[in-house]
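# Report on the structure
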Amino acid sequence: MLRRKTRFVCVSDTHAYTPSEAGFKLPAGDVLIHAGDLTNWGSKAELQKTMAWIAAADYEVKIVICGNHDITLDVPFYTARGSDFHRSNLENPQKCLETITNASGSVSLSNPNSNPNSNSIIFLNHQSALIRLRNPNGPNTIFKIFGSPYSQHNGNWAFLYTPDEAEDLWGGIPLDADVVVTHGPPRSMVCGGRGCKVLRRRLGDVRPCLAICGHVHEGRGYERVNWGRQAGIGVGTGKAEGEGEGEGGGEGEAEETVKGILPPQGSKKQSLVDLTGKRAPRLDNNGLHHHHHAGELFPSPNPTSDSQARNPDVLIFPPQSRNTKYESDLGQNQSQDQDPDQAKRLSQTSSTKLGSELQFQTTAQTAAAAADADTQAQRRETCIVNAAIMATNWPHPGGRKFHPGPIVVDLELPVWKDREA
């Protein structure tokens, strides 16, 4: 299987600051990922400001999720607690959501037909997307990504979950996800042992190539986790602080965690994480799913215009959870206050596509269940990245400070063109 380097540019926790205001420039890359906390208080003005620079950024794909500060985008939460933040000047959650879903080139379940003349912003709300990069000057790779806004956090904020809800929530991460983006971090060394144990354990089941998070501002950095080859056979004794036996990759399985080194605060060097073997050992993750059925759902690889040739193919799957509470909440976040005529129009234009997506998802799940267990066993290593831009926490003693820009990850992914040639 031919693979090619795909460059991910990762940020999180920009809190309504633009790159220039935070003191950095966006480097070149193929995929931009924003792991949540787009705003400070979830206002429409803050969302417009953030989405403006994301829409203008020159990447083939831009993945966006929310965070706990993006309060207006968690409709059940904002309906119940919005006045705690905005008093009598309440925002319209649907208008705030449309700021993202109607951004230039945005693709979501509520906006399946994006502007064909602009790059795609993909908005994920505890759901997955299958992405096929098509730019003739790009890597032409394919990957499945899962994105979720939730974080385990005490307080009066959006998109929170309790420890008792974690198993059901993170059980929605599909086993064939190649990249996982969550606002809240898994338990990790880079976050000083903070983060969710259940999320880390689920990552040990899924074993994606890349897991990107934020939320813990002081936790910016990355670590590489080797989950081990099979249960009971360890590859080392290194553990993230606070981790116990069996908390990653299967009960009784030892894991090895190595914390990466990035340029220090104030450095002008790029924060580059190489997983291709060029500058550091190649990521030990050879169990990438081939997504065999994708070609039946994506459009023809022969575009009718140059603009279409540069746009990615995107399939977005409905939110997944083993808990009906989250399915209900996520549905409200996507559809509450939607104009009836718009809902009817979207239903007519997207019913065939979404039906195909559901069929693909069912087919993929069935195929995954019947696949050789060796495929999952070959997914041995994951790189966990905390991409927080904001470096300080409220009330920011001494003033707000920022980390030195995005974390850039070079990752080898399957090339879809050669498989379908």
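Above this note sits the structure.
Reference entry: report on the structure contained in this document.

Definitions and cut-offs
- Note that residues are indexed from 1 along each chain, following the sequence as it is written.
- Per-residue local features are limited, in this predicted model, to residues with pLDDT of at least 70; the limit for side-chain atom pairs, both in listing and counting, is 80 or more; totals at the level of whole chains, interfaces and linings are taken over all residues.
- Calculated side-chain values reflect all of the structure's heavy atoms, with hydrogen atoms and water omitted.
- Here a salt bridge means any side-chain nitrogen of Lys or Arg lying within 4 Å of a carboxyl oxygen belonging to Asp or Glu.
- Counting from the N terminus, the helices are the DSSP runs of H or I reaching at least four residues and the strands are the DSSP runs of E reaching at least two.
- Think of it in three bands: residues with accessible area under 20% of the maximum for their type are buried, residues over 50% are exposed, and the middle band is partly exposed, with areas taken using a 1.4 Å probe on protein chains only.
- What we call a nonpolar core is a set of buried Ala, Val, Leu, Ile, Met, Phe, Trp, Tyr and Cys residues that are connected through their side-chain atoms within 4.5 Å.
- The rule for pairing is simple: two strands pair if DSSP sees at least two bridges between them.
- Under this scheme, a helix contributes an axis fitted over its contacting stretch, all axes are lines through C-alpha atoms, and angles between N-to-C directions fall in the 0 to 180 degree range.
- Expected helix span is computed as 1.5 Å times (number of residues minus one).
- The directions from the helix axis to the C-beta atoms are what the arc is built from.
- If an angle is under 35 degrees, it is roughly parallel; if it is over 145, roughly antiparallel; if it lies from 65 to 115, roughly perpendicular; otherwise it is oblique.
- Throughout, a contact is declared for two residues whenever any of their heavy atoms are within 4.5 Å.
- In this classification, the charged set is Asp, Glu, Lys and Arg, the nonpolar set is Ala, Val, Leu, Ile, Met, Phe, Trp, Tyr, Cys and Pro, and all remaining amino acids, among them Gly, are polar.
- When two rings of Phe, Tyr or Trp (its six-membered ring) have centres within 6.5 Å they constitute a pair, described as stacked for plane angles under 30 degrees, edge-to-face for angles over 60, and tilted for the intermediate range.
- In this scheme, Lys NZ or Arg CZ marks a charge over a ring once it lies within 6 Å of the ring centre and within 35 degrees of the ring normal.
- N or O atoms closer than or at 3.5 Å make up a polar contact, with two conditions inside protein: a donor-capable atom paired with an acceptor-capable one, and, for residues adjacent in sequence, both atoms drawn from side chains.

## Some thoughts on the pattern of salt bridges
Inspection of the entire model under this criterion finds 15 salt bridges. Here Glu381 ties to Arg224 by a salt bridge, and the two come within 2.8 Å at their closest N and O atoms. With a gap of 157 residues between them, Glu381 in strand 14 (residues 381–386) and Arg224 in strand 10 (residues 221–226) connect regions that are remote in the sequence. Here Glu381 matches Arg224 in class, with each residue buried. A salt bridge links Arg380 to Asp284; the shortest N-O distance between them is 3.4 Å. Residue Arg380 is located in the loop between helix 10 (373–377) and strand 14, and its partner Asp284 is located in the loop between strand 12 (271–274) and helix 7 (306–309); the two are separated by 96 residues in the primary sequence. Judged by its relative accessible area of 17%, Arg380 falls in the buried class.

## Some thoughts on the nonpolar core
Leu73 and Trp170 are the most contacted members of the largest nonpolar core, which totals 50 residues. Contributing elements (two or more residues each) for this core: strand 1 (3–11), helix 2 (44–56), helix 3 (75–86), helix 4 (93–101), strand 5 (120–123), helix 5 (166–170) and helix 6 (197–206). Judged by nonpolar contacts, the second largest core, of 35 residues, contains Val31, Ile65, Tyr222 and Val273.

## With respect to the sheet that holds strand 14
Strands sit in the order 11-10-14-9-8-7-6-13 across an open sheet of 8 strands; the sheet is mixed. The open sheet terminates on both sides in strands that have one partner only, identified here as strand 11 (256–259) and strand 13 (313–316). Going from strand to strand, the sheet's axes swing by 20 degrees on average, the running direction of each strand aside. With 4 bridges connecting them, strand 6 (residues 127–132) and strand 13 associate as antiparallel partners. Residue pairing across strands places Arg132 opposite Asp313, the latter belonging to strand 13.

## Comments concerning helix 2
Side chains that are three or four residues apart share a direction in an α-helix, a result of its 3.6 residues per turn. Helix length check: helix 2 (13 residues) gives 18 Å between terminal C-alpha atoms against 18 Å at 1.5 Å per residue, within 8%. Every buried residue of helix 2 is listed here: Glu46, Leu47, Thr50, Met51, Trp53 and Ile54. Taken end-on, helix 2 shows its buried residues confined to a sector of 160 degrees, consistent with a single buried face. Along helix 2, the residues that are exposed and aim more than 90 degrees away from the buried face are Ala45 and Ala56.

## Points about the packing of helix 2 against helix 4
Think of two packed helices as two axes; the pair is described by the angle between the axes and how far apart they sit. Two elements in contact, helix 2 and helix 4, have axes separated by 9 Å at closest approach and are oriented at 0 degrees. Regarding the angle of helix 2 to helix 4, the classification is roughly parallel. Across the interface between the two elements, Lys44, Leu47, Gln48 and Met51 of helix 2 pack against Lys95, Cys96, Thr99 and Ile100 of helix 4. Residues of the contact of helix 2 with helix 4, tallied by class, amount to 4 nonpolar, 2 polar and 2 charged.

## Considering the pairing of strand 5
Burial along strand 5 is two-sided: Ser120 and Ile122 and Ile121 and Phe123, pointing in opposite directions, are all buried. Examined bridge by bridge, strand 3 (residues 61–64) and strand 5 share 4 bridges and lie parallel to one another. Across the sheet, Val61 pairs through a bridge with Ser120, a residue of strand 5.

## Focus: the packing of aromatic side chains
Under the defined criterion, the tally for this structure stands at 8 aromatic pairs. The interplanar angle of 50 degrees and the centroid separation of 6.2 Å between the aromatic rings of Trp41 and Phe85 together place this pair among those described as tilted. With Trp41 in the loop between strand 2 (31–34) and helix 2 and Phe85 in helix 3, the pair connects residues that are 44 residues apart, well separated along the chain. Look at Trp41 and you get partly exposed, because its relative accessible area is 40%. Since its relative accessible area comes to 18%, Phe85 is described here as buried. Every member of this aromatic cluster is reached through a ring pair, and the members are Trp41, Phe77, Phe85 and Trp157. Over the ring of Trp416 we find Arg132; its NZ or CZ atom is 4.0 Å from the centre of that ring.

## As for the environment of Asp274
Mapped onto the secondary structure, Asp274 falls in strand 12. Residue classification places Asp274 among the buried positions, given a relative accessible area of 6%. Placed 138 residues apart in sequence, Asp274 and Glu412 show a C-alpha to C-alpha distance of 9.7 Å. Ignoring any residue separated from it by four or fewer positions in sequence, one finds Asp274 in contact with Arg224, Arg279, Ala280, Pro281 and Asp410. Looking at Asp274, its side chain comes within polar contact range of the main-chain nitrogen of Arg279, at 2.6 Å.

## What to know about helix 6
With respect to burial, helix 6 is a largely interior element, 7 of its 10 residues being buried. Taken as a whole, helix 6 has its buried residues at Val198, Leu199, Arg200, Arg202, Leu203, Gly204 and Val206. One or two residues past the end of helix 6 sits Arg207, with phi positive at roughly 60 degrees.

Nothing here speaks to function; it is all geometry.
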